[in-house]
Amino acid sequence: MAKVNEAAAMEIDDPNSNISDQISPKFSINVLQLLKSAQMQHGLRHGDYTRYRRYCTARLRRLYKSLKFTHGRGKYTRKAISESTVTEVRFLHVVLYMAERAWSHAMEKRQLPDGPNARQRIYLIGRLRKAVKWADLFSHLCSVKGDSRTSLEAEAYASYMKGNLLFEQDRNWDTALRNFKSARSVYEELGKYGDVENQVLCRERVEELEPSIRYCLHKIGGSNLQASELLQIGEMEGPASDLFKSKLEAVMAEARSQQAASLTEFHWLGNRFPITNAKTRVAILKAQELEKDLHGPLADSLSAEKRLVTFDKVFTAYHEARSCIRSDLASAGSAENVKDDLNGLDKAVSAVLGQRTIERNQLLVSIAKSKLTRRRDDKNEKVTKPEELVRLYDLLLQNTADLSDLVSSGRDRKPEEVTFAEECELKSLAFRAERCFYLARSYSLAGKRSEAYALYCRARSLAENALWKFQAHSKTDQVMIKELKTLYDECRSYSCIEHATGIIEEVKAPENLSKKISTISLTGADKKVEKYLLEKLDLYESAISESNVKAVPRIEPFPPAFQSIPRNPIVLDLAYNAIDFPSIENRMKKDKKGFISRLWG
């Protein structure tokens, strides 16, 4: 018996048996969903990496405090996180947010206005190395403490961070490609399982990694991508593609600098202006490349939002060119020939900028017209009002007038400039007709029939005049002629509708007035409305509606209703006009006259 008890005691004290009986807990983290939610809610929806870095710092502070894992109050002593330290899932969150904070800090440096300088680039790469270090630790801890899915996601996250570091360092493109492909294969596999939200997130991450993979293949030599194709794949959105966009912008800037050497003149309306400044050449070349997207064969396939973004980039490039030209003018000194060339170049760039402004406002008009005629299916969709189109046509008229004044300025004008000024005048006539038409529509919606009818007739005459002048011009714009014909027909139909509607309202006006007068009541007793609180004090009913219902509390009507009150009787004196009153002249005081007044009297 003693031997049995001794054997049992030895079995209990055996450490190997104790470890085998214990089952280590496996933690589960949906890494991609957690990070995507944090990034979209704290700045990365708009590319604000500073805000996201601050969120990561605050999140780490809260995790340290809740885990009681602080690093000392007086002297800072870092506590390392190892396998034995991870007793709950929040320790894994600490490591993950450390990697995210380092990565977001690096991306913040990458987004500096003029790009990172040499010292900032060293710091940027150092922060990416930190992110790789924490991502490797996170992958290792998840492989030991996490379940299979968490371990797989952590491995994909670590591969993505390693690829980012090599991508920024411009070396080991084959290793970077291997890491990006490894991350992509994991997310492709994870996208086949789980709920719909997880599948969508995995698919989005695969699409975000695709540009980096194709760029790595291009650098290795596995694919011959042109600059236009690189720009096309660089249009994808998402935090995973921001590093690729910055790299692509640097590559395109270098390519533009090489191409700008051949751009020595700027052609505009038969004039040739020399370009001597290298920065001006690069800015004009960038604007011209963007204009190819707006006027090229693929322009119709672009959505309106992308075209507006492209217009903004064109404006930025031309404004940069103008600022360089103005700087050259300030430093030109007394060289008259140089000043004349720079002034002509500035005038030409300003004219092209005015043309693009008119085109952008015309695009806004087309977007507003589509929303005006389209039915409102979505309740959150904003419907265009005619007043907005009136405002847009006011802008177009102002832009056309400014452009015409700019081209007409100067003494010696070429025939091309005269023709261009005439085209601006024709466009101004068409814009005036369109503005008058939508002004009439705004009056029609307000119920002012006579004003709307007069404006429709005026718009019809303006459209007819503009149509006649466009057809008589040598360079006929078929698109504008078609729009003017449509406008002319719409003015005619709308004027007839307004005329008929006005007559109907005039005929029915007395009938409607009699109906309204017949329903007038001083007290409002004839209306079947709910009683107010002061009228039902004997009932236990609330006069305030529920919180989810928008209704006014019914306590007492204000302003109070009219009440009939008694008045003093009205007395009519009927005998007053028939009474013959006696004369009272003998009672009136007579004036005394002097001697001189008697002579003259």
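Note that the structure is a prediction, hence the values are computed from the model and not measured.

## Structural notes on the overall build of the chain
Then, in step 1: Along its length, the chain carries 19 helices and two strands.
Then, in step 2: The contacts of the chain with a sequence gap of at least 6 include a subset with a gap of at least 24, amounting to 65%.
Then, in step 3: Split by element, the accessible area of the chain, about 38,900 Å² in all, is 53% carbon and sulfur.

## Observations regarding unusual backbone geometry
Then, in step 1: For Asp170, which is not a glycine, the phi torsion comes out positive at approximately 60°.
Then, in step 2: The topology assignment puts Asp170 in the loop between helix H7 (148-169) and helix H8 (173-190).
Then, in step 3: Here Asn172, not a glycine, exhibits a phi torsion of approximately 50°, which is positive.
Then, in step 4: Looking at where Asn172 falls in the secondary structure, it is placed in the loop between H7 and H8.

## Concerning the pattern of salt bridges
Then, in step 1: One pass over the structure, following the stated rule, counts 19 salt bridges.
Then, in step 2: The residue Glu188 makes a salt bridge to Arg184 at a minimum N-O spacing of 4.0 Å. Residue Glu188 and its partner Arg184 are located together in helix H8, separated by four residues, close to a single helical turn.
Then, in step 3: Among the residues examined, Glu188 registers a relative accessible area of 41% and is labelled partly exposed.
Then, in step 4: Where Arg360 meets Asp312, a salt bridge forms, and the shortest distance between an N and an O atom there is 3.7 Å. Taken as a pair, Arg360 in helix H14 (residues 336-373) and Asp312 in helix H13 (residues 304-330) lie far apart in primary sequence, 48 residues in all.
Then, in step 5: Among the charged side chains, a salt-bridge network with shared partners connects Lys36, Arg205 and Glu208.

## Looking at the confidence of the model for the chain
Then, in step 1: Mean pLDDT for the chain: 80, with 81% of residues reaching 70 or above.
Then, in step 2: Segment residues 1-22: pLDDT under 50, and one contact once partners within four positions in sequence are set aside and those in other chains are kept.
Then, in step 3: Contacts from residues 227-234, a stretch scored under 50 in pLDDT, to residues over four places away or in other chains number 16 contacts.

## Side note on the environment of Asp170
Then, in step 1: Taking the relative accessible area as the measure of exposure, Asp170 reaches 40% and is therefore partly exposed.
Then, in step 2: Placed 46 residues apart in sequence, Asp170 and Cys216 show a C-alpha to C-alpha distance of 9.8 Å.

## A short note on the pairing of strand S2 (residues 271-274)
Then, in step 1: What you see with S2 is a clean split: Asn271 and Phe273 sit on the buried side and Arg272 and Pro274 on the side with no burial.
Then, in step 2: With four bridges joining them, strand S1 (residues 265-268) and S2 adopt antiparallel strand pairing. Residue pairing for S2: Trp268 is matched across the bridge by Asn271.
Then, in step 3: Between S1 and S2, which pair antiparallel in sequence order, lie two residues; one of them, Leu269, sits at a positive phi of approximately 50°.

## Quick notes on the side chain of Arg127
Then, in step 1: Here Arg127 shows up in helix H6 (residues 118-145).
Then, in step 2: For Arg127, which is buried and forms no salt bridge, the nearest opposite charge comes from Glu108, at a distance of 8.7 Å.
Then, in step 3: Discounting residues that sit within four places of it in the chain, Arg127 has contacts with Ala102, His105 and Ala106.

## So, helix H5 (residues 89-110)
Then, in step 1: Under the 1.5 Å per step criterion, the end-to-end length of H5 is 32 Å for 22 residues, consistent within 8% with the ideal 32 Å.
Then, in step 2: Most of H5 is tucked away, with 18 of its 22 residues classed as buried.

## Brief notes about a nonpolar patch on the surface
Then, in step 1: Residues Ile570, Leu572 and Leu574 make up a contiguous nonpolar surface patch of roughly 440 Å² in combined accessible area.
Then, in step 2: Locating Leu572 in the fold gives a position in the loop between helix H18 (478-518) and helix H19 (595-600).

## What about the environment of Arg360?
Then, in step 1: Taking the relative accessible area as the measure of exposure, Arg360 reaches 23% and is therefore partly exposed.
Then, in step 2: Arg360 sits 52 residues away from Leu308 along the chain, and the two C-alpha atoms are 7.0 Å apart.
Then, in step 3: Leaving out residues up to four positions away in the same chain, Arg360 has contacts with Leu308, Phe311, Asp312 and Phe315.

## Considering the nonpolar core
Taken as a class, soluble globular proteins show a tendency for nonpolar side chains to be buried jointly.
Then, in step 1: Among the nonpolar cores identified, the biggest contains 66 residues, and Phe266, Trp268 and Leu484 are the most heavily contacted of them.
Then, in step 2: Those elements giving two or more residues to this core turn out to be S1, helix H12 (278-295), H13, H14, helix H15 (386-408), helix H16 (415-445), helix H17 (449-472) and H18.
Then, in step 3: In terms of residue count, H14 provides more of this core than any other element does, twelve residues in total.
Then, in step 4: Not counting residues within four places of it along the chain, the set of residues in contact with Phe266 comprises Asn271, Arg272, Phe273, Ile275, Ile284, Gln288, Leu345, Ala348, Val349 and Val352.
Then, in step 5: Grouped together as the second largest cluster of nonpolar side chains are 64 residues, Val31, Trp103, Met107 and Leu190 included.

## Thoughts on the packing of H17 against H18
Between two packed helices, what matters for the description is the angle formed by their axes and the separation of those axes.
Then, in step 1: Relative to each other, H17 and H18 sit at 160°, their axes nearing to 8 Å. Compared by their axis directions, H17 and H18 come out roughly antiparallel. H18 is crossed by H17, and the crossing has left-handed handedness.

## A word on the packing of H16 against H18
Then, in step 1: It is the contact of H16 with H18, at a shortest axis distance of 11 Å, that shows an interaxial angle of 30°. Accordingly, the angle class assigned to the pair H16 and H18 is roughly parallel. Two packed elements cross with a definite hand, and for H16 against H18 that hand is left-handed. Residues Ala430, Ala433, Glu434, Phe437, Arg441 and Ser444 of H16 form the contact with H18, whose participating residues are Met480, Leu484, Leu487, Glu490, Cys491, Tyr494 and Glu498.
Then, in step 2: Class assignment of the residues belonging to the contact of H16 with H18 gives a composition of eight nonpolar, one polar and four charged.

## Examining the packing of aromatic side chains
Then, in step 1: On inspection of all chains with the given rule, the structure shows 18 aromatic pairs.
Then, in step 2: When the centroid spacing of 5.0 Å and the interplanar angle of 80° are considered together, the rings of Phe437 and Tyr438 count as edge-to-face.
Then, in step 3: Of the residues examined, Phe437 reaches a relative accessible area of 1% and is grouped as buried.
Then, in step 4: The ring of Trp134 carries Lys133 above its face, with NZ or CZ at 5.7 Å from the centroid.
Then, in step 5: Of note, Arg205 hangs over the ring of Tyr160, and the distance from its end group to the ring centre comes to 5.2 Å.

## Things to note about a negative patch on the surface
Then, in step 1: A cluster of acidic side chains, namely Asp402, Asp405, Glu422 and Glu425, defines a negative patch on the protein surface.
Then, in step 2: Elements with a minimum of two residues in the negative patch: H15 and H16.
Then, in step 3: With respect to the helices and strands, the residue Asp405 is situated in helix H15.
Then, in step 4: Take Asp405: its relative accessible area is 53%, and that puts it in the exposed class.

Calculation criteria
- Residues numbered from 1 in each chain as written.
- Predicted model: local features only at pLDDT ≥ 70, side-chain atom pairs only at ≥ 80, totals over all residues.
- Heavy atoms only, no water.
- Helix = DSSP H or I, 4+ residues; strand = E, 2+ residues; numbered from the N terminus.
- Contact = heavy atoms within 4.5 Å.
- Areas by Shrake-Rupley, 256 points an atom, 1.4 Å probe, with all protein chains shown as cover.
- Salt bridge = Lys/Arg side-chain N within 4 Å of Asp/Glu carboxyl O.
- Buried < 20%, exposed > 50% of the residue type's maximum accessible area, 1.4 Å probe, protein only.
- pLDDT = per-residue confidence, 0-100.
- Pairing = 2+ DSSP bridges.
- Lys, Arg positive; Asp, Glu negative; His and termini not counted.
- Expected span 1.5 Å × (residues − 1).
- Patch = residues over 30% accessible without salt bridge, like charges linked within 9 Å, V, L, I, M, F, W, Y side chains within 5 Å.
- Core = buried A, V, L, I, M, F, W, Y, C linked by side-chain atoms within 4.5 Å.
- Axes fitted to C-alpha atoms, helices over the stretch in contact; angles between N-to-C directions.
- Parallel < 35°, antiparallel > 145°, perpendicular 65-115°, else oblique.
- Left-handed = near helix turned anticlockwise from the far one by under 90°.
- Nonpolar A, V, L, I, M, F, W, Y, C, P; charged D, E, K, R; others polar.
- Phe/Tyr/Trp six-rings, centres within 6.5 Å; stacked < 30°, edge-to-face > 60°.
- Lys NZ or Arg CZ within 6 Å of the ring centre and 35° of its normal.
- Charge placed at Lys NZ, Arg CZ, Asp CG, Glu CD.

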